[in-house]
Amino acid sequence: MSFETNKSIEYKPVVKTEHMVLNMGPQHPSTHGVLRLELELEGEIITRVIPHIGYLHRCFEKHAEAMTYPQVVPYTDRMDYLASMGNEFGYAVAVERLLGIQVPERVEYIRVIMAELQRIASHLVALGTYGADIGAMTPFLFCFRDREMILSLFEMTCGARLLYNYIWVGGLSHDLHPDFVRKTRDFCTYFKPKIKELNDLLTYNKIFIERTANVGVLPLDTAINFGISGPMLRGSGLKWDLRKDDPYSVYHKFDFNIPVGEGKVGTVGDCWDRYWVRVLEMEESLKIIEQALDQLPEGDVTSAIPKRIKPPIGQVYARVENPRGELGYFIMSDGNVNPFRVKVRAPSFVNLGVMDVLCRGHMVADIIAILGSVDIVLGEVDR
Amino acid sequence: MREYFSNIWTSLATIAIGMKVTFKHMFVPAVTIQYPDVRPELPERERNRLYVNMDDCIGCDQCSRACPVSCIEIETVKGLPTDDIGKTSNGKKKALWVTKFNIDFAKCCYCQLCVFPCPTECIYMTDVYEFSEFERKSLVYDFVTLTPEEREQKKLNYQKYEAEKAAEKAAVKKPVTPPVTEVKPKIENPPSTETQGENKVS
Amino acid sequence: MMYDFFLDLFGNEILAAIVTGVTPLLFILLFVLFAVWLERKVSAHMQDRLGPMRTGWHGWLQTIADLLKLIQKEDISASANDKPLFNLAPILVFAGSYAAFAAIPFSSYFIGSNLDLGIFFIIGISGLVVAGILMAGWASNNKYSLLGAMRAAAQIISYEIPTILVVLTVVMITRTLNLHTLSEMQTGYIWNWMIFGGPGTGLEKFLLIPLMFIGFLVIYTSTLAEVNRTPFDIPEAESELVSGYHTEYSGMKFAMFFLAEYANMYAVSAIVSALFLGGYQSPIGYLGNLIGVSWLVPIEQFFWFTAKGAFFVFVQMWLRWTLPRLRVDQLMALCWKYLIPIAFVNLIIVGLITVL
Ligand code: SF4
Ligand code: SF4
């Protein structure tokens, strides 16, 4: 096995020196939670990165075996806590396939709207914290200000701001609030200029470009070898999006583009490209939301919820495009009310694996930039 | 050489653009809500502390079984045939004394799963979100309206009743008068009753 | 100057010397109280927030509350610290920035010590800060602190070069290192300021204007780096190094670093305005001269000087809340590849102009 490393700086030690081992995290301002990175340094140049995970392990998979199918939903919320709607969506799709039930159109549309709003919210956090990691605090607060509006929309719909328990197997817990459609449209019109403002403030800033362009370049073949998905994979230039390539729900009815990294200011697959893909994806999500709001059918959102969920013996793997990549649920049923086994393919976990390859040969300060562009959520890495 | 000067130029230009953006925001009204002084208006579906209306609870244990973290503890005692436990607001006759109805809000994840299965819609979410405590055990809320002595009484009564039945003594005596003392539950400010009733999946 | 004034007032040399020494300290303290509050408010409003609101009107007492908190805090020092150095470092850092205030001309009377080598003294004495920072980083016995201290030392020393080059440019025109004389030369109206070519006349002044602008940008950038402000706050880059060389400090020692940082911010702003923006000179003439009250003039001068300094401090904050931070190697590249060559070429051209 040979993975290409980004040897941007070559060094040939003449004197025999010892590498400095620097421990970054689990208490560190920019490891995005409780990730611990063990760095081996040669001066300020990184020779090795070992991520240590598990500080936030909460036994999701084992827990799920003791729960009935509807009871698992609040637990899925807590994996990728920045994209709870997406997690629930994936779980619901998986169990519905296992049960072989069809849900009403309206439910699917609402789910898509929620998932796309969630994608925007999640990308806002990713972009904002990325700015904060690089040292710009103001975009961070701007992003959170806008995310707050999305959270209010969610709160209006289901009463919770982060952990929704909204998308259920076979339906939704509540129908949309009467004001929801209007407020979401307002949000869409409000938000478009804000993306431009973010670009002015951060994206095209020369210092930001210097910090992110040509840093942490992830070549496409390495990305595929590591099983990377989501904006990271698209940042490396592959047009791969499950919403288009393995359509679930009603995504085939919408018209949207899949942005990919083009190396606009540096090499294809560098940190800036990954960042840029996220910015463009927010615009695409807005498009989907507007289309979905236009086409939103009438109907009952709770009619298809089974009284008692007891799938037949069997297994299913369903995957959805979460903001961070391919979120897959493997569920095995032994015909009981509890799942026999639930396994989650968590995009953050898989994406984190490539850290070592990305970081070698870069400086300590670049770790922050690279980790930020990988955009992990520790709740999902550790589950 | 050209790149050198274009670098200088783009740096200065983008910095100026950024500074323009931040400067404009100096005069944009802030979005801050000054929390303890100004309170945000919560949407009607707000999911916060649970409330149980014990007058309506029939002690069916459905909510406790739906809860994914098992933070609701319910114990019931069958009422004697002579007991008048009362009726729920939708007219069902209650058959059980609820002698224990504890919700541990330290464990509760506010997922609302317990709300939907309740047949009498007596457990619901309120908009009370300020209930922090210094000790964890003060977060265990007891909703039962009976006093501790009464609860013991009910249990004893039922045991006695069982024992008597087991001994097949036909003589029935000592009708127990149901207590009428109203014991207020622990909640100080009774929350608003208009909750997400219309969204219930029954 | 100020010493003579106090000597007249008290008739006692020791007392006069003490008062002369304490006045800048008082100024620093008051300014820091204001600047910290301003920083909070500026950052908050730029980010659509409100900032501190609950201590006094719009939170103006917040800094005092913070100060009280810091005084009450336990003075923690880890067992592996190098105790003497650890305790000495904050004092040294503060002493460095405090000493710089000795030669800053706040007005034609309010100047701690009217040195002939004023600007030279200031640049020299700020070198003490580097020693203090290195001490702090080393004595903390913490890898992050050490990294931060090394970065700070490298950065401050590198950025002294463009600063000095630009100072030289100015000095070549004015032929004095004395900040007081320098300010006096820029008297009159706004076009006599160095940034508009100084007090000269004719073609020479005209030619100098763009060069002075460039010089001004260079010195402003490099002084920004010398006081470790964003985009050059690499030594205390919180997302990388937690908070650099003062990670291990708490309580009053931390407050000393904090005080030194804000004092430095003002000191460099003051130097820049003394060199380029006429020091304490008013851009529009003096009310005191107009109505014939001569003691009003120094007060007005003090006002103008403080206002100019405060304005540059505001710009520093503005930049901080707008820009991301550079990386260490980019920081060095900016200094060695951009600022120093530009400052050098500038110096040579200005030299030629003044000679011809
Ligand atoms: S809200 Fe959820 S966790 Fe809380 S008591 Fe109800 S079911 Fe249990
Ligand atoms: S589901 Fe309702 S009626 Fe049944 S025990 Fe719970 S609160 Fe009481």
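Given the structure is predicted, the values throughout are model-derived calculations rather than measurements. (Residues numbered from 1 in each chain as written. Chains lettered and ligands numbered in written order. Predicted model: local features only at pLDDT ≥ 70, side-chain atom pairs only at ≥ 80, totals over all residues. Heavy atoms only, no water.)

K.L.:
For this particular structure, what's the right way to read the overall build of chain B?
P.N.:
Along its length, chain B carries three helices and five strands. Reading the secondary structure of chain B in the N-to-C direction produces α-β-α-β-β-β-β-α. Of all 202 residues assigned to chain B, the portion counted as buried reaches 39%. Taking the intrachain contacts of chain B between residues at least 6 apart in sequence as the baseline, contacts between residues at least 24 apart amount to 77%. Here chain B has roughly 12,400 Å² of accessible surface; of this, 56% comes from carbon and sulfur atoms. (Helix = DSSP H or I, 4+ residues; strand = E, 2+ residues; numbered from the N terminus. Buried < 20%, exposed > 50% of the residue type's maximum accessible area, 1.4 Å probe, protein only. Contact = heavy atoms within 4.5 Å. Areas by Shrake-Rupley, 256 points an atom, 1.4 Å probe, with all protein chains shown as cover.)

K.L.:
Is there a simple way to explain the nonpolar core in this structure?
P.N.:
Nonpolar side chains in soluble globular proteins tend to end up buried together. Of all hydrophobic cores here, the largest spans 122 residues; its most connected members are A:Tyr166 and A:Ile331. For this core, the element with the highest residue contribution is helix H4 (residues 105-134) of chain A, accounting for 14 residues. Sequence-distant contacts of A:Tyr166, defined by excluding residues within four places in its chain, comprise A:Met85, A:Glu88, A:Ile110, A:Met114, A:Thr157, A:Cys158, A:Gly171, A:Leu172, A:Ser173, A:His174, A:Asp175 and A:Leu176. Counting residues in hydrophobic clusters, the runner-up holds 101 residues, among them A:Ile207, C:Ala35, C:Val268 and C:Leu326. (Core = buried A, V, L, I, M, F, W, Y, C linked by side-chain atoms within 4.5 Å.)

K.L.:
When you look at the site of ligand 1 in this model, what are you seeing that I'm missing?
P.N.:
Around ligand 1 lies a shell of 14 residues, among which B:Cys67, B:Cys108, B:Cys109, B:Cys111 and B:Cys114 are the nearest. Here the shell around ligand 1 is built from residues that sort into 13 nonpolar, one polar and no charged. (Near = heavy atom within 4 Å. Nonpolar A, V, L, I, M, F, W, Y, C, P; charged D, E, K, R; others polar.)

K.L.:
I tried to follow a nonpolar patch on the surface on my own but got confused; where do I start?
P.N.:
Residue and element names in this part refer to chain C. A cluster of nonpolar side chains, Trp 57, Trp 60, Leu 61, Ile 64, Leu 67, Leu 68, Ile 71 and Met 252, forms an exposed patch at the surface whose accessible area comes to about 790 Å². Looking at the nonpolar patch, the element that brings in the most residues is helix H3 (residues 62-72), giving four residues. Secondary-structure assignment places Leu 67 in helix H3. (Patch = residues over 30% accessible without salt bridge, like charges linked within 9 Å, V, L, I, M, F, W, Y side chains within 5 Å. Salt bridge = Lys/Arg side-chain N within 4 Å of Asp/Glu carboxyl O.)

K.L.:
Explain the sheet that holds strand E6 (residues 314-322) of chain A to me, please; I cannot follow it from the model alone.
P.N.:
Two strands in a sheet stick together by hydrogen bonds in their backbones, pointing the same way (parallel) or opposite ways (antiparallel). All names here are of chain A. Reading across from one edge, E6-E7-E8 is the order of the three strands in this open sheet, with antiparallel pairing throughout. One side of each edge strand has no neighbouring strand; the edge strands of this open sheet are E6 and strand E8 (339-345). Taking each pair of neighbouring strands and ignoring which way they run, the sheet shows an average axis angle of 15°. Across the sheet, helix H2 (residues 69-77) is in contact with strand E7 (325-333) and E8; its angle to E7 comes to roughly 155°. (Pairing = 2+ DSSP bridges. Axes fitted to C-alpha atoms, helices over the stretch in contact; angles between N-to-C directions.)

K.L.:
What's the story with the layout of surface pockets in this structure? I'm lost.
P.N.:
The gaps left among the atoms become clear once a water-sized probe is rolled over them. In this structure, the largest pocket encloses a volume near 1,500 Å³. Lining the largest pocket are 43 residues, and of these B:Ile8, B:Ser11, B:Leu12, C:Thr221 and C:Leu334 sit closest to its centre. Breaking the lining of the largest pocket down by element, the ones donating at least two residues are helix H7 (206-212) of chain A, helix H1 (2-25) of chain B together with helix H9 (202-226), helix H13 (296-320) and helix H14 (328-355) of chain C. Among the elements that take part in the lining of the largest pocket, H14(C) stands out by supplying twelve residues, more than any other. Among the residues making up the lining of the largest pocket, the classes are represented as 34 nonpolar, five polar and four charged. (1 Å grid on protein atoms, 1.4 Å probe; cavity = no way out; pocket = protein on both sides within 12 Å on 5 of 7 lines; lining within 4 Å. Points joined across faces, edges and corners; volume = space filled by probe spheres on them.)

K.L.:
I keep staring at the confidence of the model for chain B and nothing clicks. Help me out?
P.N.:
Predicted coordinates in areas of low pLDDT are best not read in detail. Summary statistics for chain B give a mean pLDDT of 76 and a share of 82% for residues scoring 70 or more. Taken as a whole, residues 181-202 of chain B scores under 50 in pLDDT and shows 43 contacts with residues more than four places along the chain or in a different chain. (pLDDT = per-residue confidence, 0-100.)

K.L.:
Help me out: how do you make sense of the domain arrangement of chain C in this one?
P.N.:
Size of an interface, as often reported, equals the accessible area lost when the parts are brought together. Residues and elements named next belong to chain C. With domains assigned, chain C is organised as domain 1 (1-72) and domain 2 (79-355). Distance from the C-alpha centre of domain 1 to the C-alpha centre of domain 2: 19 Å. With 23 residues of domain 1 in contact, the opposing surface of domain 2 contributes 29 residues. Taking both sides of the interface into account, the surface hidden between domain 1 and domain 2 amounts to around 2,400 Å²; carbon and sulfur atoms contribute 83%. Here domain 1 is connected to domain 2 by one salt bridge. Among the ionic pairs, Arg 320 bridges to Glu 39, the shortest N-O distance being 3.7 Å. Summed over the shared surface of domain 1 and domain 2, the number is two residue pairs in polar contact (both at pLDDT 80 or more). Within the residue set of the side of domain 1 that touches domain 2, elements represented by two or more residues are helix H2 (13-46) and H3. If one sorts the elements of the side of domain 1 that touches domain 2 by residue count, H2 sits on top with 18 residues. Tallied by class, residues from the side of domain 1 that touches domain 2 come to 17 nonpolar, five polar and one charged. (Domains from an automatic or database assignment. Buried area = accessible area lost by both parts, 1.4 Å probe. Polar contact = N/O pair within 3.5 Å; in protein donor to acceptor, adjacent residues only side chain to side chain.)

K.L.:
Help me understand the packing of aromatic side chains, please; the structure alone is not making it clear to me.
P.N.:
Aromatic ring pairs: the centre-centre distance and the angle between the two ring planes describe each pair. Applying the stated criterion to the full structure yields 46 aromatic pairs over all chains. An aromatic cluster is defined as three or more aromatic residues linked by ring pairs; in this entry it consists of B:Tyr51, B:Phe101, B:Phe105, B:Tyr110, B:Tyr124, B:Phe131, B:Tyr141 and B:Phe143. Geometry around A:Phe142 places A:Arg145 over its ring, the cationic atom sitting 4.7 Å from the centre. Seen from the ring of A:Tyr251, A:Arg243 lies directly overhead, with NZ or CZ sitting 6.0 Å from the centre. (Phe/Tyr/Trp six-rings, centres within 6.5 Å; stacked < 30°, edge-to-face > 60°. Lys NZ or Arg CZ within 6 Å of the ring centre and 35° of its normal.)

K.L.:
How should I be thinking about unusual backbone geometry in this particular structure?
P.N.:
Negative phi characterises most residues that are not glycine, and trans characterises most peptide bonds. Backbone geometry at A:Ser249 places phi at a positive 50°, although glycine is not the residue there. The class for A:Ser249 is buried, based on a relative accessible area of 19%.

K.L.:
Whenever I open this one, the interface of chain A and chain B confuses me. Can you help?
P.N.:
The partner chain B presents 30 residues to the 32 residues of chain A that form the contact. Considering only the side of chain A, the residues that lose the most area to chain B are A:Gln71, A:His174 and A:Lys206, jointly responsible for 22% of the buried surface there. Inspection of the chain A/chain B interface yields zero salt bridges. Broken down by secondary-structure element, the contributors of at least two residues to the side of chain A that touches chain B are H2, helix H5 (137-158) and helix H6 (180-203) of chain A. The dominant element in the side of chain A that touches chain B, judged by the number of residues it contributes, is H5(A), at seven residues.

K.L.:
What should I look at first to understand the packing of H4(A) against helix H14 (residues 364-374) of chain A in this one?
P.N.:
Packed helix pairs are characterised by how far apart their axes lie and by the angle those axes make with each other. All names here are of chain A. In the contact formed by H4 and H14, the axes pass within 9 Å of each other and the chain directions differ by 180°. Comparing the axis directions of H4 and H14 gives the class roughly antiparallel. The residues of H14 that touch H4, namely those facing Tyr 130, Asp 133 and Ile 134, are Ile 368, Ala 369, Gly 372 and Ser 373. Broken down by class, the residue content of the contact of H4 with H14 amounts to four nonpolar, two polar and one charged. (Parallel < 35°, antiparallel > 145°, perpendicular 65-115°, else oblique.)

K.L.:
Looking at this structure, I do not really get the site of ligand 2. What am I missing?
P.N.:
Ligand 2 sits among 14 residues. The nearest are B:Cys57, B:Cys60, B:Asp61, B:Cys63 and B:Cys118. By residue class, the composition of the shell around ligand 2 is ten nonpolar, three polar and one charged.

K.L.:
It is not clear to me how the pattern of salt bridges should be interpreted in this structure. Could you clarify?
P.N.:
Residues and elements named next belong to chain A. Within the structure shown, the criterion is met by 40 salt bridges over all chains. One salt bridge connects Asp 375 with Arg 324, and the closest N-O pair in it is separated by 3.4 Å. In this pair, Asp 375 sits in the loop between H14 and helix H15 (378-382) while Arg 324 sits in the loop between E6 and E7, placing the two residues 51 residues apart along the sequence. With relative accessibility at 4%, the residue Asp 375 sits in the buried group. Among the charged side chains, a network of salt bridges with common partners joins Glu 116, Arg 119, Arg 234, Asp 241, Arg 243, Glu 281 and Glu 321.

K.L.:
Explain empty space enclosed by the protein to me, please; I cannot follow it from the model alone.
P.N.:
Under the criterion given, the structure shown has five cavities of 30 Å³ or more. Considered as a void within the structure, the largest cavity measures approximately 340 Å³ in volume. Around the largest cavity, the lining comprises 28 residues; the ones closest to its centre are C:Ser126, C:Glu226, C:Val227, C:Asn264 and C:Val268. Secondary-structure elements contributing two or more residues to the lining of the largest cavity are helix H4 (83-100), helix H5 (118-125), helix H6 (127-140), helix H7 (143-174), H9 and helix H11 (251-276) of chain C. When residues of the lining of the largest cavity are assigned to their parent elements, the largest contribution, seven residues, is made by H11(C). Of the residues assigned to the lining of the largest cavity, the class counts are 16 nonpolar, eight polar and four charged. One number sums up the size of the second largest cavity: a volume of about 80 Å³. Lining the second largest cavity, in full, are A:Leu124, A:Phe142, A:Cys143, A:Arg145, A:Asp146, A:Phe191, A:Lys194, A:Ile195, A:Glu197, A:Leu198 and A:Met282. Those elements that provide at least two residues to the lining of the second largest cavity are H5 and H6 of chain A. If one sorts the elements of the lining of the second largest cavity by residue count, H6(A) sits on top with five residues.

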